[in-house]
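Fold and contact review
What follows is the residue order along each chain.
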Number of protein chains: 10
Amino acid sequence: MLKGIDPRLNPELLHVLAAMGHGDDLVICDTNFPADSVARQTVWGRPLRIDGADSATAVAAVLSLFPLDSFVDSPVSRMEVVGEPDTVTEVQREVQQAVDAAEGAPTPIASIERFAFYEAAKKAYAVLVTGELRFYGCFILKKGVIPPPAS
Amino acid sequence: MLKGIDPRLNPELLHVLAAMGHGDDLVICDTNFPADSVARQTVWGRPLRIDGADSATAVAAVLSLFPLDSFVDSPVSRMEVVGEPDTVTEVQREVQQAVDAAEGAPTPIASIERFAFYEAAKKAYAVLVTGELRFYGCFILKKGVIPPPAS
Amino acid sequence: MLKGIDPRLNPELLHVLAAMGHGDDLVICDTNFPADSVARQTVWGRPLRIDGADSATAVAAVLSLFPLDSFVDSPVSRMEVVGEPDTVTEVQREVQQAVDAAEGAPTPIASIERFAFYEAAKKAYAVLVTGELRFYGCFILKKGVIPPPAS
Amino acid sequence: MLKGIDPRLNPELLHVLAAMGHGDDLVICDTNFPADSVARQTVWGRPLRIDGADSATAVAAVLSLFPLDSFVDSPVSRMEVVGEPDTVTEVQREVQQAVDAAEGAPTPIASIERFAFYEAAKKAYAVLVTGELRFYGCFILKKGVIPPPAS
Amino acid sequence: MLKGIDPRLNPELLHVLAAMGHGDDLVICDTNFPADSVARQTVWGRPLRIDGADSATAVAAVLSLFPLDSFVDSPVSRMEVVGEPDTVTEVQREVQQAVDAAEGAPTPIASIERFAFYEAAKKAYAVLVTGELRFYGCFILKKGVIPPPAS
Amino acid sequence: MLKGIDPRLNPELLHVLAAMGHGDDLVICDTNFPADSVARQTVWGRPLRIDGADSATAVAAVLSLFPLDSFVDSPVSRMEVVGEPDTVTEVQREVQQAVDAAEGAPTPIASIERFAFYEAAKKAYAVLVTGELRFYGCFILKKGVIPPPAS
Amino acid sequence: MLKGIDPRLNPELLHVLAAMGHGDDLVICDTNFPADSVARQTVWGRPLRIDGADSATAVAAVLSLFPLDSFVDSPVSRMEVVGEPDTVTEVQREVQQAVDAAEGAPTPIASIERFAFYEAAKKAYAVLVTGELRFYGCFILKKGVIPPPAS
Amino acid sequence: MLKGIDPRLNPELLHVLAAMGHGDDLVICDTNFPADSVARQTVWGRPLRIDGADSATAVAAVLSLFPLDSFVDSPVSRMEVVGEPDTVTEVQREVQQAVDAAEGAPTPIASIERFAFYEAAKKAYAVLVTGELRFYGCFILKKGVIPPPAS
Amino acid sequence: MLKGIDPRLNPELLHVLAAMGHGDDLVICDTNFPADSVARQTVWGRPLRIDGADSATAVAAVLSLFPLDSFVDSPVSRMEVVGEPDTVTEVQREVQQAVDAAEGAPTPIASIERFAFYEAAKKAYAVLVTGELRFYGCFILKKGVIPPPAS
Amino acid sequence: MLKGIDPRLNPELLHVLAAMGHGDDLVICDTNFPADSVARQTVWGRPLRIDGADSATAVAAVLSLFPLDSFVDSPVSRMEVVGEPDTVTEVQREVQQAVDAAEGAPTPIASIERFAFYEAAKKAYAVLVTGELRFYGCFILKKGVIPPPAS
């Protein structure tokens, strides 16, 4: 427990969020995602867990500390429903709201086909498993930068 | 995700619950407990987490699979409020209810003074950190046996 | 030992079954299969054992917890008899029955040529060695999903 | 699989049986025994498993290769029923038969009180967990010597 | 780099601060302290570094996140000047100011004789080496608790 | 030491022989072979030793437990004398005799050119170094299967 | 602390600087650089830190011990501002001064496009993270040789 | 294979013999000795093997490189026959001859009771297992010094 | 190779010298000393080597960077000749000269009996083996402090 | 220290020399060579050191035990002076003499261009760093065989 830090951000997760740099990706996924087999190919090498939170709560907790990348068009992506690339599920709408709230501006989430998502996820820095039980609660967030204090 | 298993019981936690045997102790603690320094002295050697659950929810999830020891008077213990050994806090009353419900009978929780609790916890098999934010949400559960099927 | 869990599912095996996600493969093999050399190339990296069970008993124990994938035509495959792709051995018939019983519906097992089976097995999440002494007691099971509880 | 070796003796178990020397102890236990916490204090450091065998079958398989110590009065011991030191359970009678058959002569099993058994077990070379579901299926076997071939 | 976190708190240090619990001690020391030999006996096992800060800056950065223990008389201690237990050095006065500022109230620092300090330091959770070049810039901080949000 | 097992088959070697499965290769080599650099690329990853035996004695000891593969034309191969592919050395004749004796039938040894032998050896399960001092005492044995007991 | 060595050069960093040889590269970067994911691909395998120094101070401390390569045109390179290859930022001017001062002669810094810089950095010997908060404080230094003493 | 070095002295054994210093003990034992459980408590931590040699051959090979300690009365000790402290077995006479031959002078071997031998062996630098099949082929050799070349 | 650093101080040795702090001990020994068994009990855990230097050269190289402790009477100690505590050997006189030269003042070396020296050495931070072939070339150096720059 | 072994051949180096086999390469290099980054790609994986010897002394010590390969034209190679492939430096002439002396016959050293030398070095078994301060003191030695004793 630390002053002013969401208690859901456990010690190893804080370590990961701080160790990531500009352009590194974080996967935040639901409970059916093959998190362990994917995470072993990421930089961190094992999944992180935030078992008692749905995807939007986890995304909001992460974004309380984590800057999104402003160098790319879409710093957040979602896994597409198989065969329905344009469907946006309830979980995905909740995460869109959490992202917009954290950024203070509309920040549209891009979409990635299921198997392309798996390939992108293996190149990420780490995988964070939530307690989200609903399907398609899987996202990739790209880390941005913190500018120096104005002189 | 497995059929009929509470999704809060993550893979490493399932491993631990199954690897424990008759008489092994499991510590279930709140977010202020020195879980990491204590857990490094236990058999398992590092803390397990179930971040998004309060103590009673975590105890109930564990007891859905974990038999309590019937060879001892009190298979569950709580950390005493410092200086008030007889006070039973709200968290502790909730856990008493979860234990009674799991056992199907009143199963009074014993109490242990704070520093004696730390010493007992270091001898446990593992430490499970919950997301419990309230003080004194710390318990020790002693594992029992599963009898052979009746012939 | 845990309440309601088949005791043949040992702690490390429970860990593996829970850590697998949608689309991950589990190899269940007989005693002549090169389990160790194959398993070292899988995600888990070492073989798991359930020494005292034949292939069908092991498959049934696993399927008591493990959902099969409904996104693919054949979530279970068998190793073909060398030179006789259409032969279905006694072991394979027993496993077909165990699969059908677990799924509650006919779920035909697909077949894979011996060396193609080895290559597929190396890409699996883990290898589970049974005590099956008969030849061709080797199978691959693809994990499916658990839907969220109906609201 | 090796010529003439019981297939229940898996590779790691063969390694252990061969690596043990004169006076080293092997614990063979039932499924409720705290095998993991005890085994971590033994020489080998982690439990071995022979999941699909009851205690007597496991003891017989081990004794097909493992000489018992002839320098001590009782090379085999059993865990006493709590509070009934003279009770010999069905499992224990089966194991007595397996020992006598392997040795070709009556070889009475000694008894050890439960907590003294735990302490003795921690000093053993290794712990072998069987699939024995009945209580008190826990034994300690002391390894003997193989004499040189007669010249 | 994370939003609102002092960049001097590097990823491993954040991990440590969050993993510590009620009553765990953190050593913050100068560049002449035997940090490596002491840290190897602590819970964390290797020293952490914040090379470019003097002791008071490091203490202030840590206390921006780390609650001090309110269950003890003196949650912060300093190493005594050898042979001059009552001398308070410039570094120690600066740290006293940093502590008082963080706590918002006078919080007197206790003193410990040099070799007793070494013994206490070995029992800590971790050692943080600063870039402090002046002698006697060595302190022990005991972690406190974060109360639950008011309901 | 185990009943009925050749004492030259040390504990780690027994482990390896049992862990190998159908189609896995074992390299048995002389003292000049680059055993360590080759073995690090095999499945087992480090050489095994049976220092006090010539190649034929080692092959005979291994074949007392190890079935040869009956699915291939030549389950045993030898390293060719450089520039003299048809020369069969004394060591190689002795090993041919040991193989024939173990199999109970003529089982001609195939030959492989020196550098091709190195490449094949790197793909093996393990390398066993003997005490053979004569040149070209290097062989590859492919493991076969043990059929189930006749019902 | 060692006689005559800048205290900012901590023990692990001294180890790295000395272990590097002719032609090995050292990355010195700012706090937004993805130092951890890049460093895991370098020879050393984890980032080094010199948290309390800006890029020019860190470069100067390193060059107090580290010879630059005289076999190449530009032994030091900088990361280009995205889209502005010719812009030289304030940080980069400060580092140019530190390099010139260390070498005792103008030693122009070359420039590398951002993603090419990432690829070059992964091939380096190690990554040193500074406390530089300004953007584009990222450099690569190639190690040179120390000539033998004149006879 | 090295010029002039007995090929029975394998690479790890050469490493051990060279790494030992004045006063370090080497255990050389027969095949029934509990070599693995004892060796894990020695400095080296795992047994070394010279499988195809009896005790006297192994002692002679070791003493071709290893100086015995001249600061103690008996640099070599043997395990006593249980209950017959004065009996000197055939193996022990052979080793006495090997020692005398290596030293070029009678060097009487001291004796140690069986369980005292085990305790002494655990304090040794390493344990070397021979292929000696006869009982009581267990010895401890204390390393001496090599004097500087005469000036 | 680094500017101005004695090339005999290899990378791991530089690391050790810098990681040591006030009061930590460094053992510098001759080639007959049991360096490996002693070093495994020190903080660093394995011996360091500076093979091609006699004891005085090694001491001089170390003292070019390493401050001696001014808080104790004798920051350097030597191993006594067995039975002749007052004898000072040639090696010891050479080292006395190297110490005096490094300190710029007579700094008498204390003496420690052989077995007491071994015990003291095990409590050191590290052991550095030199190429010294003469007997009794064994010393312990206690590290001192570097004062802050005068303001 | 061992009888008749050059004390410069330290324990780990003896291990390496003995573990190498026919055709394995050993790199012997000067102090400016990038020994650590190259050695991490070799079989052994970390550099060996013989700090106090120039290249010719190190080569002579190695060749006192190490047979050169007689199956190839040039069992020893040197790194070419950049841009001057025919120049043979003083160090290289000294090493040529050491090689000729060890072999008892002229054994011309071949030459390899600098970057080709780096690539060849990465494929070697190990890298041995000497204390050679002069440039171009870098060589590759290919190990040969020891013939069996004449019968």
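Residues numbered from 1 in each chain as written. Chains lettered and ligands numbered in written order. Predicted model: local features only at pLDDT ≥ 70, side-chain atom pairs only at ≥ 80, totals over all residues. Heavy atoms only, no water.

Labelled according to an unreviewed UniProt entry, chain A appears under the name RbsD/FucU family protein, originating from Methylobrevis albus.

Digging into the packing of helix α3 (residues 55–63) of chain B against helix α4 (residues 90–103) of chain B
Residue and element names in this part refer to chain B. The N-to-C vectors of α3 and α4 enclose an angle of 20 degrees; their axes lie 8 Å apart at closest approach. The angle between the axes of α3 and α4 places the two elements in the roughly parallel class. Seen from above, α3 lies across α4 with right-handed handedness. In this structure, α3 contributes S55, A56, V59, A60 and L63 to the contact, and α4 contributes V91, E94, V95, A98, V99 and A102. Among the residues forming the contact of α3 with α4, the class breakdown is nine nonpolar, one polar and one charged. (Axes fitted to C-alpha atoms, helices over the stretch in contact; angles between N-to-C directions. Helix = DSSP H or I, 4+ residues; strand = E, 2+ residues; numbered from the N terminus. Parallel < 35°, antiparallel > 145°, perpendicular 65-115°, else oblique. Left-handed = near helix turned anticlockwise from the far one by under 90°. Contact = heavy atoms within 4.5 Å. Nonpolar A, V, L, I, M, F, W, Y, C, P; charged D, E, K, R; others polar.)

A few points about the interface of chain E and chain A
Tallying the contact residues gives 20 residues for chain E and 20 residues for chain A. With both sides pooled, the region where chain E packs onto chain A buries about 1,800 Å², and carbon together with sulfur makes up 66% of that total. If you sort the residues of chain E by the area they bury against chain A, M1, L2 and K3 of chain E come out on top, with a joint share of 38%. Across the contact surface, chain E and chain A share zero salt bridges. Here chain E is connected to chain A by seven residue pairs in polar contact (both at pLDDT 80 or more). For the side of chain E that touches chain A, the secondary-structure elements that each account for two or more residues are α1 (11–19) and α4 (90–103) of chain E. Here the residues of the side of chain E that touches chain A sort into 14 nonpolar, two polar and four charged. (Buried area = accessible area lost by both parts, 1.4 Å probe. Salt bridge = Lys/Arg side-chain N within 4 Å of Asp/Glu carboxyl O. Polar contact = N/O pair within 3.5 Å; in protein donor to acceptor, adjacent residues only side chain to side chain.)

Let's talk about the pattern of salt bridges
Applying the stated criterion across every chain yields a total of 90 salt bridges over all chains. Close ionic contact of E132 of chain A with R134 of chain A constitutes a salt bridge, the shortest N to O distance being 2.7 Å. Between E119 of chain C and K122 of chain C there is a salt bridge whose closest N-O contact spans 3.1 Å. Separated by three residues within a single helix, E119 of chain C and K122 of chain C lie in helix α5 (residues 114–122), roughly one turn from each other. A residue is classified by how much of its surface remains accessible, and E119 of chain C, at 40% relative accessible area, is partly exposed. On the basis of relative accessible area, K122 of chain C is assigned to the partly exposed category, the value being 23%. Residues participating in the shared-partner salt-bridge network are E90, E94, E132 and R134 of chain A. (Buried < 20%, exposed > 50% of the residue type's maximum accessible area, 1.4 Å probe, protein only.)

Some words on the side chain of D36 of chain E
Relative to the elements of secondary structure, D36 of chain E occurs in helix α2 (residues 35–39). Among the polar contacts made by the side chain of D36 of chain E, one reaches the side chain of R40 of chain E at a distance of 2.8 Å. Discounting chain neighbours no more than four positions away, the residues touching D36 of chain E are P47 of chain E together with A19, V43 and Y125 of chain I.

Thoughts on the interface of chain F and chain J
Between chain F and chain J, the contact holds 13 residues from the first and 15 residues from the second. Between chain F and chain J, roughly 1,000 Å² of surface is buried when both sides are summed, and carbon and sulfur atoms account for 57% of that area. Where chain F meets chain J, there are zero salt bridges. Put simply, chain F and chain J have six residue pairs in polar contact (both at pLDDT 80 or more) between them. For the side of chain F that touches chain J, the elements supplying multiple residues, two or more each, are α2 (35–39) and α5 (114–122) of chain F. The class makeup of the residues in the side of chain F that touches chain J is seven nonpolar, two polar and four charged.

With respect to α1 of chain E
Judged by how many residues are buried, α1 of chain E sits mostly within the fold: nine of nine residues are covered. Residues of α1 of chain E that are buried: P11, E12, L13, L14, H15, V16, L17, A18 and A19 of chain E.

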